[in-house]
Amino acid sequence: MEQKNLKTPVFANETVFSESAEQPIDVDFTLPDYCPDVTKILKCRAVSRISSKAANGRSITVDGTVTITVIYCDGEQNLCSYEYQYPFSKTFEAGIDCDSGTLLCRTKCEYINCRAVTSRKIDIHGAAGIYVKLIRRKCTEVISDVDDINVELRRGTAPATSPMGNAEKYLVIEEEIETGQGQPPIRSLIRYDACITIKENKLLAGKAMVKGELIVTLLYCPYEGSVQTVRSSIPFTQLLEIEGVTEQCECNAQAEIAYIDIKPRISAAGDAKSLQLNAKLLICCESYCNNDVDVILDAYSRKYEADITKNEVCFNKIYKNITETFNCKKNLEFPDGALSSVADMWSEVKTDSVKIDDGNLIVNGTVIADIVAFDNNGEPSFYEKPVEFEYRCNLGKTSDSMHCEPQIEAVSVNYTITGSGNMELRIDLLINAAVYECSNLPLITDVSIDEKRQIAKKDRGAMTIYFAQTGENVWDIARRYCASVEEIKQINDITDEKLDINKMILVPMN
């Protein structure tokens, strides 16, 4: 009789290419005429962003820009700055066809150093890391049934999670940011920062809706008086097309800044009381749908030798989505007389370790607080202060198959000068984390019966006696003797899959 195998497709994501590269940053430039001379460099900042990515045949090209901001003092101890855009392009030779799949790219500045060669010329050296990953949706056909009267099948259900796709879409934001009421006009822009917070992600029929905010903080010098700070929050909503998703599916949304530029806006009166923001955001959404599949967990033939092929399939699913604000604080000490007032402050978050232990997600990291302060003599200085933190979130369970790559942004930095040389620093961190759980299941992908190789049974009698122990599985006993599971249950009046007592049972050997 011709054996027929019925198969069912199951889907899982597979990383087919992953690589990183270092992009050197080596440049020197001369300050334009409108910038004052440099007497002391306070801080050189570098932010690396990816503006575009493309897969072409067997290669991947990543383009981006490193925004370098040099904050310095002029001859009169005024705060000044200059922004320089350093473009880069990196090509990765993947060795495989890259035209299909989801391309994930990220970048960060690893280090940056600068020095003033002259009062007008600045030399920059550093490096940015570029990380790329190509993911494809892999289909595996597993056995769901075998049409052969001699084959015993152990049926079950695989808690499959089908990846529906990684959707991406660019969002352009053009916004006018007003200075606060009573704030003086802008003479020069010193620094600006921006971060994205995801407030909500929701799946609809065939779509994902992502809501968030672009939070902008900037510092400027007026024509008279002290430096001024402006903060603005710009809400956004973006719809992404994801074929096949429903409200019952789950998703993880992330966003990054691909490009941002902020310039003072000159009014008809000739002054600048607002700023023009132009930004491009990349909104990403990864979706999964629970789709349990009827599968065959094990099989054997009662009459002939059988070859069983199994493949391990990883079903990745979102176990928990976390969006939470976490506060960390620290008392900082400065040299006596060095902290009369604070001109500017920002922070950078570094994640040191991520682990899941004792039912908790534990993230250890460091917030680097960058502080530009004036001393008692009115001279500015720069300080870099580390603030260590530990974030914990109760997951309810611990599993070696769980993994997480959290996104952590410092959304606000506040301080109180508590005395000469002392400051209480308070930083609000926004934790966006999707905890994934991977279920590795060995599923049968092929059953082949060789009717030329009949099983040689040791016991030629109609029945054999077997002394079963508590907890033994009827399937395992039947498989050992190439017998029928249902006949063993009927003859011995067994209803459960496992035996709850020690028991002598009869095994039919026909």
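Residues numbered from 1 in each chain as written. Predicted model: local features only at pLDDT ≥ 70, side-chain atom pairs only at ≥ 80, totals over all residues. Heavy atoms only, no water.

A. Region of the structure containing the overall build of the protein chain. Helices and strands together make up the secondary structure of the protein chain, namely 2 helices and 23 strands. Taking 510 residues into account, the globule formula puts the C-alpha radius of gyration at 24 Å, and the protein chain, at 32 Å, lies well above it. Overall, the C-alpha framework of the protein chain stretches about 105 × 50 × 40 Å when taken along its three principal axes. Scored against the burial criterion, the 510 residues of the protein chain give a buried share of 47%. (Helix = DSSP H or I, 4+ residues; strand = E, 2+ residues; numbered from the N terminus. Rg over C-alpha atoms; globule rule 2.2 N^0.38 Å. Buried < 20%, exposed > 50% of the residue type's maximum accessible area, 1.4 Å probe, protein only.)

B. Spotlight on the sheet that holds strand E16 (residues 341–357). Across the sheet, which stays open at both edges, the 3 strands sit in the order E16-E17-E18 with antiparallel pairing between neighbours. Two strands lie at the open edges of the sheet, namely E16 and strand E18 (380–394), each paired on one side alone. Neighbour-to-neighbour, the strand axes of this sheet turn through a mean angle of 15°, independent of strand direction. Direction of pairing for strand E17 (residues 360–374) relative to E18: antiparallel, over a ladder of 15 bridges. For Ile-362, the partnering residue across the bridge sits in E18 and is Arg-392. (Pairing = 2+ DSSP bridges. Axes fitted to C-alpha atoms, helices over the stretch in contact; angles between N-to-C directions.)

C. Region of the structure containing the pattern of salt bridges. Throughout the structure, instances matching the rule amount to 20 salt bridges. With its nearest N and O atoms 2.9 Å apart, the salt bridge here joins Glu-176 to Arg-265. Within this pair, whereas Glu-176 is found in strand E8 (residues 161–178), its partner Arg-265 is found in strand E12 (residues 250–266), the two being separated by 89 residues in sequence. A salt bridge links Lys-199 to Glu-213; its shortest N-O distance comes to 3.9 Å. Highlighted residues: Lys-199 in strand E9 (residues 186–204) and Glu-213 in strand E10 (residues 207–222), separated in sequence by 14 residues. A relative accessible area of 54% means that Lys-199 is categorised as exposed. The class for Glu-213 is partly exposed, based on a relative accessible area of 23%. (Salt bridge = Lys/Arg side-chain N within 4 Å of Asp/Glu carboxyl O.)

D. Quick look at the packing of aromatic side chains. What the rule picks out here adds up to 9 aromatic pairs. On the numbers, 6.0 Å between centres and 70° between planes, the contact of Tyr-288 with Tyr-436 is edge-to-face. Note that Tyr-288 is positioned in strand E13 (residues 272–290) and Tyr-436 in strand E21 (residues 422–454), a separation of 148 residues in sequence. Geometrically, the ring pair formed by Tyr-466 and Tyr-481 is edge-to-face, given 6.0 Å between the ring centres and 75° between the ring planes. A residue pair is termed long-range when its members are at least 10 positions apart, and Tyr-466 in strand E22 (residues 463–468) and Tyr-481 in helix H1 (residues 474–481) qualify at 15 residues. Put simply, the rings of Phe-29, Tyr-82 and Tyr-84 touch in pairs and so form one group of aromatic residues. Sitting over the face of the ring of Phe-11, Arg-137 holds its NZ or CZ atom 4.1 Å from the ring centroid. Seen from the ring of Tyr-170, Lys-280 lies directly overhead, with NZ or CZ sitting 4.6 Å from the centre. (Phe/Tyr/Trp six-rings, centres within 6.5 Å; stacked < 30°, edge-to-face > 60°. Lys NZ or Arg CZ within 6 Å of the ring centre and 35° of its normal.)

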